[in-house]
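Residues per chain are reported as follows:
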Amino acid sequence: MFSPEGPTLRELAVQALSSVERGYDLLAPKFDHTPFRTPDAVLESVAKALGPLGPFEDGLDLCCGTGAGTDVLAGLCHRSVTGVDFSAGMLDVARRGATGPGGRQPMTADGPGGREAMTADGPGRRQAAAAEGRGGRQAAAGGPGVAWVRGDARALPFTAAFDLVVSFGAFGHFLPRELPGLFGQVHSVLRPGGRFAFPVLAPPPPTSPGFWMLLGFDAAMRVRNAVWRPPFVMYYRAFRLGPVVEELTRAGFVVDLQALPEFGWRGDASPRARLVVARRPDGAIPPQAA
């Protein structure tokens, strides 16, 4: 399905009847050959928008999957890049893609290029954290070290050790009631002045086929989760910009919205895609620690 290298319909059905973690473990070897991977055009646009906000020393790719966002950070951060995900299978693909022969290159503002990322220890890891596959090789001369950590985004195993946290395409796996805790976790791992950034696409209008396709997908997932266990949380329409900005503000962030002009404008002159940039103010104390 999708391409000759992608998963079959049967493989997708098995994934959909699994838990989120197990489903992604199964899908991992073929994930980069599906439409679920964040397109390079989005990655390049975000890298271009974040470049002027630097410099950044240490970056975290939240729910990193196979490492597409980690490539963005490798082109922006000078010292270290860490990818965290709870799927061991996705992390294994990410690790092999970054360190193997012909591995991926950092994503810069001008697109892929620059130094190849190698594995090394990341910053701020608590001793009790479960880290997976920390490689002994160092980053290429002058490039950031890259580490892969198995962990839950709702209980991050880090201290305030990052200047930049990014995430791509993962928020559909969190229910709205989980967002306050998730954003609080991100706030806690950022240094004062650090930024949390992620792209958000404008929802399709009700007159478009895309609107009804997403509506139907979410409805099917709700039925699936009502009659089958374990649940597979994946809803495209639950992550809405207005409530998200409100929750980020409650978590202690100062939020800025930037248009991603590469994707054009809608009929009402609003952008088709935005970059949410949430900054932890200097000297801010995480709300849960206040």
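Residues numbered from 1 in each chain as written. Predicted model: local features only at pLDDT ≥ 70, side-chain atom pairs only at ≥ 80, totals over all residues. Heavy atoms only, no water.

Colleague: Any chance you could explain the overall build of the protein here in plain terms?
Modeller: A tally of helices and strands in the protein yields eight helices and 10 strands. Counting all 290 residues of the protein, 49% fall into the buried class. Accessible surface, the protein: about 13500 Å² in total, of which carbon and sulfur atoms supply 58%. (Helix = DSSP H or I, 4+ residues; strand = E, 2+ residues; numbered from the N terminus. Buried < 20%, exposed > 50% of the residue type's maximum accessible area, 1.4 Å probe, protein only. Areas by Shrake-Rupley, 256 points an atom, 1.4 Å probe, with all protein chains shown as cover.)

Colleague: Explain the packing of aromatic side chains to me, please; I cannot follow it from the model alone.
Modeller: To describe a pair of aromatic rings, one takes the distance between the centres and the angle between the planes. Under the counting rule described, the total for this entry stands at 10 aromatic pairs. Ring centres 5.3 Å apart and planes at 90° place the aromatic pair phenylalanine 158 and phenylalanine 162 in the edge-to-face group. Ring centres 5.1 Å apart and planes at 80° place the aromatic pair phenylalanine 211 and tryptophan 212 in the edge-to-face group. On the basis of relative accessible area, phenylalanine 211 is assigned to the buried category, the value being 16%. In this structure tryptophan 212 comes out as exposed when scored by relative accessible area, which is 51%. Here the aromatic residues Phe171, Phe183, Phe196, Phe198, Phe239 and Phe253 are joined through ring pairs into a cluster of three or more. (Phe/Tyr/Trp six-rings, centres within 6.5 Å; stacked < 30°, edge-to-face > 60°.)

Colleague: Is there a simple way to think about the nonpolar core in this case?
Modeller: Side chains of a nonpolar character, in soluble globular proteins, are inclined to be buried together. Core analysis: the largest hydrophobic core is formed by 28 residues, its most contacted members being Leu62, Val165, Phe183, Phe196, Phe198 and Leu248. For this core, the secondary structure elements donating two or more residues are strand 1 (56–62), strand 7 (162–166), helix 6 (179–189), strand 8 (190–201), helix 8 (241–250) and strand 10 (273–279). If one sorts the elements of this core by residue count, helix 6 sits on top with five residues. Sequence-distant contacts of leucine 62, defined by excluding residues within four places in its chain, comprise Val84, Ala153, Leu156, Val165, Val166, Ser167, Leu182, Val186 and Phe196. (Core = buried A, V, L, I, M, F, W, Y, C linked by side-chain atoms within 4.5 Å. Contact = heavy atoms within 4.5 Å.)

Colleague: Would you explain unusual backbone geometry in this entry?
Modeller: Peptide bonds are, in most cases, trans, and in most cases residues other than glycine have a negative phi. Across the junction of glycine 54 and proline 55, the peptide omega takes the value 10°, indicating a cis bond. Turning to its location among the elements, proline 55 is positioned in the loop between helix 3 (40–50) and strand 1. Residue proline 230 follows arginine 229 across a cis peptide bond; omega there is 5°. In this structure, cysteine 63 takes a positive phi of about 60° despite not being glycine. Its location among the elements puts cysteine 63 in the loop between strand 1 and helix 4 (68–74).

Colleague: Explanation requested: the pattern of salt bridges in the structure shown.
Modeller: Opposite charge on two side chains allows them to pair when their charged atoms are near. One pass over the full model with this rule turns up 11 salt bridges. Its salt-bridge partner being aspartate 92, residue arginine 96 comes within 3.1 Å of it at the nearest N-O pair. Of this pair, arginine 96 and aspartate 92 both sit in helix 5 (residues 88–99), four residues apart, which is roughly one turn of the helix. For arginine 96, a relative accessible area of 49% translates into the label partly exposed. (Salt bridge = Lys/Arg side-chain N within 4 Å of Asp/Glu carboxyl O.)

Colleague: Teacher, can you tell me more about the packing of helix 1 (residues 9–16) against helix 2 (residues 20–27) here?
Modeller: Any two packed helices are characterised by the angle at which their axes cross and by the distance between the axes. Running from N to C, helix 1 and helix 2 cross one another at 155°; their axes reach a closest spacing of 8 Å. The angle between helix 1 and helix 2 places the two elements in the roughly antiparallel class. Only Gly23, Tyr24, Leu26 and Leu27 of helix 2 make contact with helix 1, whose side of the interface consists of Leu12, Val14 and Gln15. The residue inventory of the contact of helix 1 with helix 2, partitioned by class, reads five nonpolar, two polar and no charged. (Axes fitted to C-alpha atoms, helices over the stretch in contact; angles between N-to-C directions. Parallel < 35°, antiparallel > 145°, perpendicular 65-115°, else oblique. Nonpolar A, V, L, I, M, F, W, Y, C, P; charged D, E, K, R; others polar.)

Colleague: I would appreciate a short explanation of the side chain of serine 45 in the present structure.
Modeller: By secondary structure assignment, the location of serine 45 is in helix 3. At 2.8 Å, the side chain of serine 45 and the side chain of glutamate 262 are in polar contact. In contact with serine 45, other than residues within four places in its own chain, are Leu260, Glu262 and Phe263. (Polar contact = N/O pair within 3.5 Å; in protein donor to acceptor, adjacent residues only side chain to side chain.)

Colleague: How should the packing of helix 6 against helix 8 be read in this particular structure?
Modeller: Relative orientation of the contacting elements helix 6 and helix 8 amounts to 50°, with a least axis distance of 9 Å. It follows that helix 6 is oblique to helix 8 by the angle criterion. Both helix 6 and helix 8 take part in a crossing whose hand is right-handed. Contact residues: helix 6 offers Leu179, Pro180 and Phe183, while helix 8 offers Val244, Glu247 and Leu248. Its residues placed into classes, the contact of helix 6 with helix 8 shows five nonpolar, no polar and one charged. (Left-handed = near helix turned anticlockwise from the far one by under 90°.)

Colleague: Could you clarify how one ought to interpret the side chain of aspartate 163 in this entry?
Modeller: Of note, aspartate 163 is situated in strand 7. Excluding anything up to four places from it in sequence, aspartate 163 contacts Phe56, Glu57, Asp58, Leu190, Arg191, Gly194 and Arg195.

Colleague: Sorry if this is basic, but what is going on with helix 8 here?
Modeller: Within an α-helix, residues lying three or four positions from one another point in the same direction, as the helix has 3.6 residues per turn. Residues of helix 8 that are buried: Val244, Glu247 and Leu248. Buried positions in helix 8, seen along its axis, are confined to an arc of 100° and lie on one side of it. The secondary structure elements touched by the buried residues of helix 8 are helix 6, strand 8, strand 9 (254–259) and strand 10. Trailing helix 8 by a residue or two, glycine 252 shows a phi angle of about 105°, which is positive. (Arc of directions from axis to C-beta.)

Colleague: Where do I start with the environment of alanine 238 in this structure?
Modeller: Assignment of secondary structure puts alanine 238 in the loop between helix 7 (209–227) and helix 8. We classify alanine 238 as partly exposed; its relative accessible area is 23%. For the pair alanine 238 and histidine 173, spaced 65 residues apart in sequence, the C-alpha to C-alpha distance is 9.5 Å. With near-sequence residues (within four places) excluded, alanine 238 lies in contact with Pro176 and Asp218.

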